[in-house]
Every structure is written in C-alpha cells, then in structure tokens.
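For reference, the chains in residue letters:
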Amino acid sequence: MEGKSYEEMTYSIKLNGVNHGCPTCGPLVLFTPKILGYAQDSTMFLIGILLSFFVCAVAFVWMKLTKNNTEKDDTKVDDLRNEPDVKKVHILYGTQTGTARTYAEHLHAVLCSNGFDCRMKNIGSFDPEENFVSNTLEKGIYIFLISTYTDGKPPQDAIWFCQWLNEASNDFRIQKSLLLGMQYAVFGLGNSLYSDHYNMAGKSIDKWLHKLNASRIFPFTEGDNNVAQSIHGNQKADFESWCSSITDVICYLLKQKAFNDTSHIKHLTINDPTDADGSNSESDADEDNDGLVDVEDVGEAMSHYPLKKKTIVNGGTNVVAKKRQKNEPREMITPELRKNLTKQGYRLIGSHSGVKLCRWTKSMLRGRGGCYKHTFYGIASHRCMETTPSLACANKCVFCWRHHTNPVGTEWKWQQDSPDVIINGAVENHYNMIKQFKGVPGVKPDRFAEGFSIQHCALSLVGEPIMYPEINEFINLLHEKGISSFLVTNAQFPDAIANLTPVTQLYVSVDAATQDSLKKIDRPLFKDFWPRFIESLKALSAKGQRTVYRLTLVKAWNTEEIEAYAKLVSLGHPDFIEIKGVTYCGDSKSSDGLTLQNVPWHEEVLYFVRQLEALLDGYEIACEHEHSNCVLLAQKKFKTKDGVWKTWIDYSRFHELFQRYQATGELFTAEDYMAETPSWAVIGSKERGFDPEETRWRRKEKVSQGC
C-alpha cells in the first residue's frame with residue numbers, strides 16, 4: 001500500500017465491492033477516509049479495514065430489525081380498516097352482446113353486499129391516458145371482464161383500451177413499472193371452438209398488465225361458451241365458480257391483509273401463458289417456478305384463501321375450476337340455455353331439439369295471411385311445424401334472430417336422442433301450442449281444426465339440423481307421416497349434404513359472396529369455412545330435388561357483391577334463389593351493431609334482384625312477398641311456354657315419388673312434383689304476393705326503416 005495516495009486507496013476499495021450498490025455498506029465509505037487518514041503502514045491499514053467491516057455489520061443488523069418491525073406494523077387489521085381507500089374495487093368490462101356487462105353487474109352486487117366500495121364502468125369510458133400516465137390511478141383492485149370477438153379482436157368498446165395497453169407494454173419509452181402497485185384479475189369470455197383466437201382479448205390484457213408490473217391476485221380465468229368443453233358445463237357456470245373464488249380472494253386481501261402486502265399471493269403470480277412470441281421480460285422469467293400450481297392440490301398457494309369450494313388450477317389454460325369426468329357426453333341443452341329458450345317461447349325436446357310456433361302460423365289461424373313459403377311454394381302456414389333436431393350451429397351470424405342463445409359446435413359431441421323421440425315430442429308440443437288458440441278472438445274454427453293435422457315441417461327454427469347424426473332417419477319418419485320437409489343448412493357440412501336423403505326442398509344459406517364478407521357476417525367456427533362453403537354449393541348441384549339459395553341482404557354489409565353472387569350461382573345451379581332483407585331483431589346488444597339502417601326497403605331488395613337477374617343465364621324473377629320483404633328468382637324450366645309459372649309444389653305427388661324411391665331406389669327430380677303458381681303470387685300482380693283470400697292486417701305504429 002506504500003506509495004499509493006489516499007484517493008487511490010479509496011477508489012480501490014470501492015471497486016472491490018465495499019461500496020458497490022449495497023445500502024448497508026454506506027457507513028464504510030464514511031468511516032474509511034478517517035481510518036485511512038491514520039494508516040501510515042500496512043498494519044494500521046488492516047486494522048482500519050476490520051473496523052470498517054464491523055461498522056457495516058452493526059448497521060446491517062440494525063436495518064434488518066427496523067424493517068421487520070415496520071412490516072409487522074403494516075399488517076395490522078386495524079390499520080387496514082382505518083385506511084379509507086383500501087377497500088375500493090374497480091370492475092371494468094368490455095362487451096359485444098351484453099354478457100360481460102351482465103356478469104360485471106352480478107359481481108358488482110356480490111362485492112357490494114360484502115361491504116366493499118365497488119365501482120363498475122364500461123372499459124370504453126375508462127381513459128388509460130388519464131388514469132395510468134397522469135399518476136391518478138386510484139387505490140384498489142381492478143377486475144376486468146372482457147369478451148373476444150371475431151379473429152381474436154376485443155369488442156368494439158374495448159378496442160382503444162387494448163390498443164393503448166398493447167402499445168404501452170411494448171414501448172421502450174414507457175417505464176415497465178408504470179402499473180407497479182396495481183392489483184388485478186381478468187375473466188375472459190370466449191368460445192373454445194374458435195381455437196386460434198380463443199379468449200385472446202382477455203389473455204392479452206392479462207399479459208400487457210403483467211408486463212407493466214401490475215400484480216395478478218388471481219390467475220387468468222376463461223369462461224367457455226362451448227358447452228362440450230366448458231369445465232363447469234357452460235360459460236355462466238364458469239363465471240359463477242370464478243366469481244365465488246375471486247370474491248373470497250378479495251375479501252381476504254382487503255379485510256385481513258394490508259393493501260400493499262402481496263407476499264402471501266406470490267404463488268398466484270403466474271408466468272404469461274399468452275406471450276406467443278416468447279419475448280418474456282426478465283421479471284417474467286424469474287417467475288417460472290412460482291407460476292405453476294399442482295393440478296391435484298393447490299396446496300400452500302391456495303391455502304391462504306378461505307375459498308368456499310375446493311378449486312384447482314388447470315396448468316394448461318390457467319382456468320380455476322372443479323375437476324370433471326372426461327369422455328362423458330353432455331346434454332346440449334344446459335339448465336341456463338333451457339331457461340333462456342323457454343323464455344323465448346321454445347318448447348324443448350329431449351337434450352338437443354326444440355319446436356316453436358311461427359308467427360305466420362298464428363297469423364294464418366286468424367286469416368291474416370301466410371308466410372312467403374305460402375306465396376312461393378303453396379304451403380298452408382297454419383299447418384306448418386317449425387322445429388330442429390339440433391339447436392347447435394357452426395356459425396354465429398351477426399343477424400342471428402335467436403340472439404345467439406343457441407350453442408355452437410363443429411361436430412356432434414353431445415348426448416343423442418332417437419329420431420322418433422324428437423318427432424313425437426315436436427308434434428305433441430306443437431299441438432299443445434295450437435290448443436292455446438282455442439277461443440282466441442279472430443281465430444277461424446276451420447283453420448284451428450286443420451292446425452291439428454301437420455302437413456309441412458320447416459327445419460329452420462335454429463341451429464344446424466344437418467348436424468344431427470340421424471338426420472336421414474328423421475326426414476324419413478317425417479315423410480312417412482305425410483309431412484313435407486323444408487331443410488335449411490348453412491353450407492358448412494358438404495359431406496352431409498351429399499349424403500342427405502331426398503327432401504321436399506333443400507336450402508343453403510348464402511349470406512355473403514366473398515370469403516372476407518362471409519367471415520365477417522357468419523362468423524363461422526371452421527378454419528376452412530370457405531372451402532366448406534364452396535363444396536357445399538357444389539354438392540347442392542348434384543341433388544335431384546328442389547334446391548334453393550337463400551340470400552339475406554344486410555344493407556351496407558353485403559349488398560355490393562352482385563357479381564360475386566352471380567359466380568356462386570354458377571357453382572350450385574339452384575332451382576330457386578330467395579332474396580330477403582335482413583330481419584331486425586330489435587335488440588341492438590345482440591345484433592352486433594346492426595340497426596334499422598341495415599334493413600333494406602322492399603324496393604331496394606327488388607333493385608338488387610333485378611341487377612342479379614341481369615347477370616344470370618336461365619333465371620327470371622317469378623314471385624314477391626312484399627310484407628316479408630322477399631323476392632324469388634326461379635330457373636326458367638319452372639315457366640311453361642305460355643308464360644305460366646310453376647313454383648308451387650304438388651305435395652301429394654312428392655310423397656308418392658318418395659315412397660317409390662324408398663321401395664325401388666328410383667330417383668326423381670324437381671320437375672316431377674311442381675304445381676302452378678296462382679296469379680296473385682306472381683311478380684307484377686297488384687296483390688304483391690298477398691293471398692286475396694286472407695285479410696290484410698296492418699300495424700298501427702309506423703316503421704321508421706325497412707319493411
């Protein structure tokens with residue numbers, strides 16, 4: 001040490017770690033200069049070093065004791081209860097159809113009943129710039145309930161929040177400790193059948209909050225609308241289980257622990273399961289071991305929480321739920337679904353079927369007119385039964401007039417009822433609903449009596465009838481009873497169409513003419529929805545009996561694709577093309593942004609049809625039904641040389657031909673059972689499709705848009 005200056009010795013000691021970022025070694029630098037001032041030889045220098053380390057040790061012990069005393073004081077329950085802001089809970093929801101809002105309201109009521117100051121707000125009115133960046137984030141726990149929409153996108157009201165949070169979590173200019181001290185939990189609403197984007201919005205919010213150093217108080221939890229895969233049987237049950245658990249956790253955190261003490265929940269601060277690009281932060285990487293909880297027993301991690309029910313954490317999906325038996329088919333109709341559909345007027349049959357009285361059946365019982373099928377094809381609307389052997393569907397169309405209450409699926413995974421049970425149950429329930437019209441003012445006695453003799457069955461109530469594995473046996477039983485069949489499919493099951501037994505009339509819904517618009521409007525579950533769609537149209541062209549394209553026009557959505565529609569017609573060569581304006585459900589929260597402005601006027605529908613007719617070879621406008629806002633294009637083979645249309649059906653002849661087919665296998669075609677169309681149903685007639693034998697009944701209130 002001889003020959004070195006005082007400054008050189010001090011600098012050397014600092015480099016050797018004596019003052020290298022350790023707060024307890026601060027006194028060493030303070031005392032070392034004084035000691036070194038007396039160090040004239042190596043012996044005195046060593047004594048100085050030893051004294052310095054002794055001072056550091058004393059300082060370290062003193063700081064440790066002080067810290068422990070402080071921690072004990074912070075965990076007092078009385079201190080917590082005296083803190084005015086510590087019990088505040090903020091619930092933020094993002095919703096497309098209103099379900100997340102309903103769940104948020106339920107959680108809000110539960111937490112308020114537990115004595116918490118609970119605030120609920122739509123996430124669209126929560127400004128992250130104002131609340132996060134300006135340091136005005138209120139104390140409390142933040143609970144997010146968020147649904148996932150098409151292609152994994154958040155609902156409309158959450159787009160800005162998600163965009164801001166995504167950019168903030170990935171912007172190097174924003175400190176990653178931006179949300180340090182914020183505690184949160186996320187519940188996502190989705191459908192696992194959309195496997196590529198399942199609950200993507202919720203997972204993303206959970207990830208972005210975590211990257212900004214917010215602390216999870218509960219693992220990200222998924223509510224699955226796919227009843228076949230939902231751990232608790234349906235999305236509402238998933239929510240109720242999570243709601244019970246998160247309530248217990250919040251009660252524990254805010255009533256028994258200091259607000260800033262999160263040491264007891266470190267086992268629930270899990271690693272991001274959704275970081276698809278694998279770019280975890282360093283803090284995330286350090287939590288790999290803490291984030292995994294044993295599937296069979298949560299053990300110490302959950303023992304801190306006084307949960308009312310034993311729960312497990314699914315390590316693959318981070319869903320907190322009860323264990324359930326696997327490979328056990330479930331009923332398609334869950335208790336909650338049964339409640340909702342019954343409220344809407346459905347009579348449910350077995351575990352997956354339903355029947356409902358059509359409004360046109362009620363109308364014709366009173367002599368007020370029949371549906372467009374009466375005008376176009378001659379059915380007796382008061383003798384028609386509307387039913388389905390499968391409430392499930394492979395699409396979630398934006399204009400679904402069943403408000404998306406039915407389940408969805410891409411294959412049959414549920415318990416299965418036999419065709420005779422379904423048909424007998426449908427007929428019995430239909431007749432019971434007809435009985436309710438006995439004595440109702442305006443009901444015609446002869447129509448009422450005829451209502452107990454079903455002649456037609458519209459397999460278009462809801463869902464996808466062709467999904468039912470025994471659909472052919474079902475149709476055969478209908479025909480054996482002398483009931484004609486009008487089956488509607490959404491063009492996602494081409495093999496089922498190809499293997500389908502002859503039906504009276506087979507429909508394919510063509511809701512859009514391009515891949516992008518079909519994805520936007522039908523929101524199909526299949527990844528290969530477009531090839532399936534095209535193959536379904538081709539399969540239709542091979543059917544010998546009557547076939548129909550059904551086009552639903554949604555103004556400003558699919559009315560500009562006329563040339564593309566014409567190309568699709570060349571694939572399926574349908575006998576008829578029905579073009580109908582979309583029916584407004586009157587429930588904007590369930591119709592995904594559709595309003596009365598999207599409903600075209602009847603004249604607008606006619607204009608579209610005339611444009612399409614000009615692009616097609618061999619088709620003409622045959623009929624219209626003005627009060628259904630519907631127009632019929634038909635192949636010219638249904639028009640005689642003297643100009644008489646034959647779009648109606650000879651139902652007796654059809655049943656004869658079908659019985660012959662059953663007995664001999666001899667095929668028949670649409671021309672074999674066509675019948676003449678009455679003049680009042682033909683385009684250009686003064687009646688505009690309204691049967692003159694009926695009495696037109698008009699609503700008293702005015703309609704502001706459409707028909």
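Reading the values: rules and limits
- Residues numbered from 1 in each chain as written.
- Predicted model: local features only at pLDDT ≥ 70, side-chain atom pairs only at ≥ 80, totals over all residues.
- Heavy atoms only, no water.
- Helix = DSSP H or I, 4+ residues; strand = E, 2+ residues; numbered from the N terminus.
- Buried < 20%, exposed > 50% of the residue type's maximum accessible area, 1.4 Å probe, protein only.
- Contact = heavy atoms within 4.5 Å.
- Areas by Shrake-Rupley, 256 points an atom, 1.4 Å probe, with all protein chains shown as cover.
- Expected span 1.5 Å × (residues − 1).
- Arc of directions from axis to C-beta.
- Phe/Tyr/Trp six-rings, centres within 6.5 Å; stacked < 30°, edge-to-face > 60°.
- Lys NZ or Arg CZ within 6 Å of the ring centre and 35° of its normal.
- Pairing = 2+ DSSP bridges.
- Right-handed = clockwise from strand over helix to strand, strands pointing away.
- Axes fitted to C-alpha atoms, helices over the stretch in contact; angles between N-to-C directions.
- Parallel < 35°, antiparallel > 145°, perpendicular 65-115°, else oblique.
- Left-handed = near helix turned anticlockwise from the far one by under 90°.
- Nonpolar A, V, L, I, M, F, W, Y, C, P; charged D, E, K, R; others polar.
- pLDDT = per-residue confidence, 0-100.
- Salt bridge = Lys/Arg side-chain N within 4 Å of Asp/Glu carboxyl O.
- Lys, Arg positive; Asp, Glu negative; His and termini not counted.
- Polar contact = N/O pair within 3.5 Å; in protein donor to acceptor, adjacent residues only side chain to side chain.
- Core = buried A, V, L, I, M, F, W, Y, C linked by side-chain atoms within 4.5 Å.

Asker: In this structure, what is going on with the overall build of the protein? I would like to understand it.
Answerer: The helix and strand tally for the protein stands at 23 helices and 20 strands. Burial status across the protein gives 53% buried among its 707 residues. Of the contacts made within the protein by residues no fewer than 6 positions apart, 75% connect residues no fewer than 24 positions apart. Accessible surface for the protein amounts to roughly 32700 Å². Of this, 50% is attributable to carbon and sulfur atoms.

Asker: Explain helix α23 (residues 651-664) to me, please; I cannot follow it from the model alone.
Answerer: It helps to recall that an α-helix has 3.6 residues per turn; residues three or four apart then point in one direction. Relative to the 20 Å expected for 14 residues at 1.5 Å per residue, α23 spans 20 Å between its end C-alpha atoms, a close match to the ideal helical length. Burial in α23 covers these residues: Y651, F654, H655, L657 and F658. Buried positions in α23, seen along its axis, are confined to an arc of 165 degrees and lie on one side of it. Residues of α23 that are exposed and point more than 90 degrees away from the buried face comprise S652, Q659, A663 and T664. Against α14 (372-377), β12 (456-459), α17 (471-480), β13 (484-489) and β19 (648-649) lie the buried residues of α23.

Asker: What is the right way to read unusual backbone geometry from this model?
Answerer: What is expected of a backbone is that most residues other than glycine have negative phi and most peptide bonds are trans. Even without being glycine, N213 reaches a positive phi, approximately 70 degrees. For N213, the location among the structural elements is in the loop between α8 (200-211) and β5 (215-216). The class of N213 is partly exposed, set by a relative accessible area of 29%. Of note in this structure, H573 is not a glycine but carries a positive phi near 45 degrees. With respect to the helices, strands and loops of the structure, H573 is situated in the loop between α21 (562-572) and β16 (576-581).

Asker: I tried to follow the packing of aromatic side chains on my own but got confused; where do I start?
Answerer: Both the distance between ring centres and the angle between the ring planes are used here to describe each pair of aromatic rings. By the definition in use, this model includes 27 aromatic pairs. Grouping aromatic residues by their ring pairs yields a cluster made of Y372, F376, Y377, F486, F576 and F638. Sitting over the ring of Y346, K356 keeps its end group 4.9 Å from the ring centre. When the ring centre of W697 is taken as reference, the NZ or CZ atom of R368 above it lies at 4.6 Å.

Asker: It is not clear to me how the pairing of β16 should be interpreted in this structure. Could you clarify?
Answerer: With five of six residues buried, β16 is to be regarded as a mostly interior element. When strand β15 (residues 546-553) meets β16, the two strands line up parallel, connected through six bridges. Within β16, the residue paired with R550 across the bridge is E578. What joins β15 to β16 is α21, and the crossover it makes is right-handed. Pairing of β16 with strand β18 (residues 630-635) involves five bridges; the strand directions are antiparallel. Of the residues in β18, the one forming a bridge with F576 is A634.

Asker: When you look at the packing of helix α7 (residues 159-170) against α8 in this model, what are you seeing that I'm missing?
Answerer: Angle between the axes and distance between the axes: these two values describe a pair of packed helices. Packing of α7 against α8 leaves a shortest axis separation of 9 Å and a crossing angle of 40 degrees. In this view, α7 runs oblique relative to α8, as classed from their interaxial angle. The way α7 lies across α8 gives a crossing that is left-handed. In this structure, α7 uses F161, C162, L165, N166, S169 and N170 to contact α8, whose residues at the interface are I205, W208, L209 and K211. Looking at the contact of α7 with α8 residue by residue, the class counts come to six nonpolar, three polar and one charged.

Asker: Just to check I follow, could you spell out the confidence of the model for the protein for this structure?
Answerer: Caution applies to low-pLDDT parts of the model: their predicted coordinates are not meant to be read in detail. Looking at the protein, the pLDDT average stands at 79 and 73% of residues meet or exceed 70. Here residues 1-40 is modelled with pLDDT under 50, and outside its nearest four sequence neighbours on either side it reaches 42 contacts, counting other chains as well. In this model, residues 65-86 is a region of pLDDT below 50 whose contacts with residues beyond four sequence positions or in other chains number 18 contacts.

Asker: Explain the pattern of salt bridges to me, please; I cannot follow it from the model alone.
Answerer: Should the charged atoms of two oppositely charged side chains come close, the side chains can pair. One pass over the full model with this rule turns up 18 salt bridges. D117 is the partner of R119 in a salt bridge, and the nearest nitrogen-oxygen pair spans 2.9 Å.

Asker: Even after reading the chapter, I still don't get the environment of A675, so can you show me in this structure?
Answerer: Within the secondary structure, A675 sits in strand β20 (residues 674-675). As for A675 and F638, which are separated by 37 residues in sequence, their C-alpha atoms are 9.1 Å apart. When residues no more than four places from it in sequence are discounted, the contact partners of A675 are W645, K646, T647, W648, I649 and D650.

Asker: Looking at this structure, how should I read the environment of E560?
Answerer: Counting through the fold element by element, E560 comes out in the loop between β15 and α21. The exposed category is assigned to E560, whose relative accessible area is 72%. The spatial distance from the C-alpha of E560 to the C-alpha of A513 is 9.5 Å, given a sequence separation of 47 residues.

Asker: Whenever I open this one, the side chain of K356 confuses me. Can you help?
Answerer: As for its placement among the helices and strands, K356 is situated in strand β10 (residues 353-356). Notably, K356 is buried but unbridged: the nearest opposite-charge side chain belongs to E386, and the N-O separation is 7.3 Å. Here the side chain of K356 touches Q344 through a polar contact of 3.0 Å, landing on its backbone oxygen.

Asker: Mind showing me how you'd approach the nonpolar core here?
Answerer: Soluble globular proteins tend to bury their nonpolar side chains together. Core analysis: the biggest nonpolar cluster contains 83 residues, and V510, F533, L551, I577, I579 and L612 have the highest contact counts within it. Considering every element that reaches this core, the biggest residue donor is helix α20 (residues 529-541), with seven residues. Setting aside residues up to four positions removed in sequence, V510 forms contacts with F533, L537, Y549, R550, L551, T552, Y565 and L568. Residues F376, V488, A634 and F658 belong to the second largest nonpolar core, which totals 29 residues.

Asker: Can you help me understand α17 in this one?
Answerer: Within the span of α17, buried status applies to I471, F474, I475, N476, L478 and H479. Contact partners of the buried residues in α17: α15 (419-435), β12, β13 and α23.

Asker: Which parts of the structure should I look at to understand the sheet that holds strand β11 (residues 384-388)?
Answerer: Two orientations exist for strands paired in a sheet by backbone hydrogen bonds: parallel and antiparallel. Read from one edge to the other, the open sheet built from 10 strands follows the order β9-β10-β11-β12-β13-β14-β15-β16-β18-β17, with strand pairing classed as mixed. Edge positions in the open sheet fall to β9 (347-349) and β17 (619-625), since each of these has one partner strand only. Strand-to-strand twist in this sheet, taken as the mean axis angle between neighbours without regard to direction, amounts to 25 degrees. Relative to β18, β17 is paired through six bridges, and the arrangement is antiparallel. In the strand pairing of β18, C623 is matched with L632. Seen against the sheet, α15 touches β9, β10 and β11 and runs at an angle of roughly 160 degrees to β9.

Asker: I would appreciate a short explanation of the side chain of T388 in the present structure.
Answerer: Summarising the element assignment, T388 is placed in strand β11. Accessibility expressed as a relative area gives 0% for T388, which makes it buried. Among the polar contacts made by the side chain of T388, one reaches the main-chain carbonyl oxygen of V462 at a distance of 3.2 Å. Apart from the residues within four sequence positions on either side, T388 is in contact with S353, G354, L459, L461, V462 and P465.

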